[in-house]
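One-letter residues, chain by chain:
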Amino acid sequence: MRTRTSLPPRLLPILYVATAHLMLALAFGTVAFAPAEAAGFFYHPRLIAIVHLVTLGWISLSILGALYIVGPMALRMSLPSGPLDYLAYGCSAVGVAGMAAHFWLADYNGMAWAGGMASFGILIVAARTIGAALRAPIEGGVKLHIALACLNVFGAAALGIVLGANKARAFLPGSALEYAYGHAHLAALGWAMMMIMGVGYRLLPMVLPSDRPRSKSLYASAILVEAGAVWLAVAFFTGGRFVPLFALAAAAGLVAFVLHVAWMRRHPRRPPAGLLRPDYGARHAMFSLTCAVLAAALGLGLAFSPTSDASLRLAPVYGVLGLVGFLSQMVVGIETRVLPWFAVYHTNREMGTCGPVPDPHAMPVRMLQAAAFYLWASGVPLLAAGVGLLGAAPVVAAGGGRPSASRPSSDPSTRGWCCATPTGGRRAGRPRCRGASSPCASGRRNRCCPPASSAGRPGGPLPRSPRP
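Please read all numbers here as calculations on a predicted model, not as lab measurements.

Novice: Explain unusual backbone geometry here, please?
Specialist: Working note: non-glycine residues mostly have negative phi, and peptide bonds are mostly trans. Of note, the bond from Leu 208 into Pro 209 is cis; its omega dihedral lies within 30 degrees of zero at -15 degrees. Along the chain, Pro 209 turns up in the loop between α6 (176-207) and α7 (218-237). One non-glycine residue, Arg 76, lies in the positive phi region at around 60 degrees. The residue Arg 76 is located in the loop between α2 (45-73) and α3 (83-105) in this model. Phi at Ala 106 is positive, roughly 55 degrees, even though this residue is not glycine. With respect to the helices and strands, Ala 106 occurs in the loop between α3 and α4 (108-135).

Novice: Would you take a moment to explain the environment of Leu 327 for this structure?
Specialist: Topologically, Leu 327 is positioned in helix α10 (residues 309-351). In sequence terms Leu 327 and Ile 196 are 131 residues apart; their C-alpha atoms lie 7.9 Å from each other. Here Leu 327 is in contact with Ile 59, Ala 188, Ala 192, Met 193, Ile 196 and Gly 322, once residues within four sequence places are set aside.

Novice: Can you walk me through the confidence of the model for the chain in this structure?
Specialist: Residues with a pLDDT of 70 or more make up 80% of the chain, whose mean pLDDT is 81. Contacts from residues 392-467, a stretch scored under 50 in pLDDT, to residues over four places away or in other chains number 186 contacts.

Novice: Looking at this structure, I do not really get the pattern of salt bridges. What am I missing?
Specialist: Close approach of charged atoms lets side chains of opposite charge pair. Across all of its chains, the model carries five salt bridges by this definition. The shortest N-O distance in the salt bridge between Arg 128 and Asp 85 comes to 2.5 Å. Here Arg 128 is found in helix α4, whereas its partner Asp 85 is found in helix α3, with 43 residues between them in sequence. Of the residues examined, Arg 128 reaches a relative accessible area of 25% and is grouped as partly exposed. A salt bridge links Asp 279 to Arg 337, with the shortest nitrogen-to-oxygen separation between them at 2.2 Å. Of this pair, Asp 279 sits in the loop between α8 (243-266) and α9 (280-304) while Arg 337 sits in helix α10, and the two are 58 residues apart along the sequence. Like Arg 337, Asp 279 is buried. Look at the salt bridges and you will find they share partners, linking Glu 139, Arg 202 and Arg 212 into a network.

Each value, and the rule that gives it
Residues numbered from 1 in each chain as written. Predicted model: local features only at pLDDT ≥ 70, side-chain atom pairs only at ≥ 80, totals over all residues. Heavy atoms only, no water. Helix = DSSP H or I, 4+ residues; strand = E, 2+ residues; numbered from the N terminus. Contact = heavy atoms within 4.5 Å. pLDDT = per-residue confidence, 0-100. Salt bridge = Lys/Arg side-chain N within 4 Å of Asp/Glu carboxyl O. Buried < 20%, exposed > 50% of the residue type's maximum accessible area, 1.4 Å probe, protein only.

Okay, here's the thing in structure tokens:
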């Protein structure tokens, strides 16, 4: 018999999930109603604000909330909630919102403290999850995935804080763009994908439903993805020489996970009574894996190709397929099945033996489930095509002369930001930048215009292609 401390808490997961949905709606709404802020070269503050709403606001907060549900129900680990857990939620929610706001305003001092607050909240839950997972009576391969994911988020958070401080007062040598690539891949591969894979080995057999893989082959995906994520970050920081090798390792880890999912599909179990067809939770999961394979193939192509206009156009497509098509949609697929279980569980606990037991498969509104799936399945390729068409628009060179193909400013006082897309003609030889309140004037610098001291200098070298 389960004790009260081993049961999913009632309020805390709802807070995480509701906040995550709000962050995702804000990110998608910004792209829909202000598409100019997501256009042009991808390394500028407002697009980074949108990306953090998706990665931290939607994916990470959803994972944290799901851990409190899936932990007791599928991972056999106890995560009781207490005052520290609510403090962690508050810090995470306020910190993520603050990061996005300060990125949008290009206020790097504020962005650094907000990032520290969000990291503090996430790390509290990660530390608790490591201990609970190591004590849980589950497969060793699943434990390894969860523990490594939690350790990787420590590294990604520390690196993000350092990069935020570097934006406020530059002190790191080398290219800020390369540091950003390393941070992004450590967080996306080492934290989000690793956690989804580890939880997926226990949860996907319940969603499909199917037999559960139990062999030592589960370790393969953890080892390969960990090698790829960590050493990809190191390779970016040290010049990018071995990026293709570690990109192959990360892709091999994803392939190992996909092969295990294929094994599950070949070993189905009888579906639970009341499960309606089509099962949109399973459809979301399978579509997200398709996007993952496409993103991995595209990432490998970028890793082995030199920087060009084509690679700069494909880089945002790679990001959309990986972050929105794979990670975000896998969260949707898991929540489609987990949240009804969570609601029915608490309903049954309150009702006791009185009254009929609700059916979790009858709770969702089928019309809304179908609309969510088909809109997501059509929206991901349309969004990828849109950012691919707009992602390599010319940007303003540091010299303030003719727009050049996606060149960052060579002046260190721009702190690594790349100039944004010019939106109109010139007045007195000064280009107007997308999103800027005024043209690049002498002695004035905004988020896309280089400082006047860089006038006459040639643009910096082309940035490396983002590697998977």
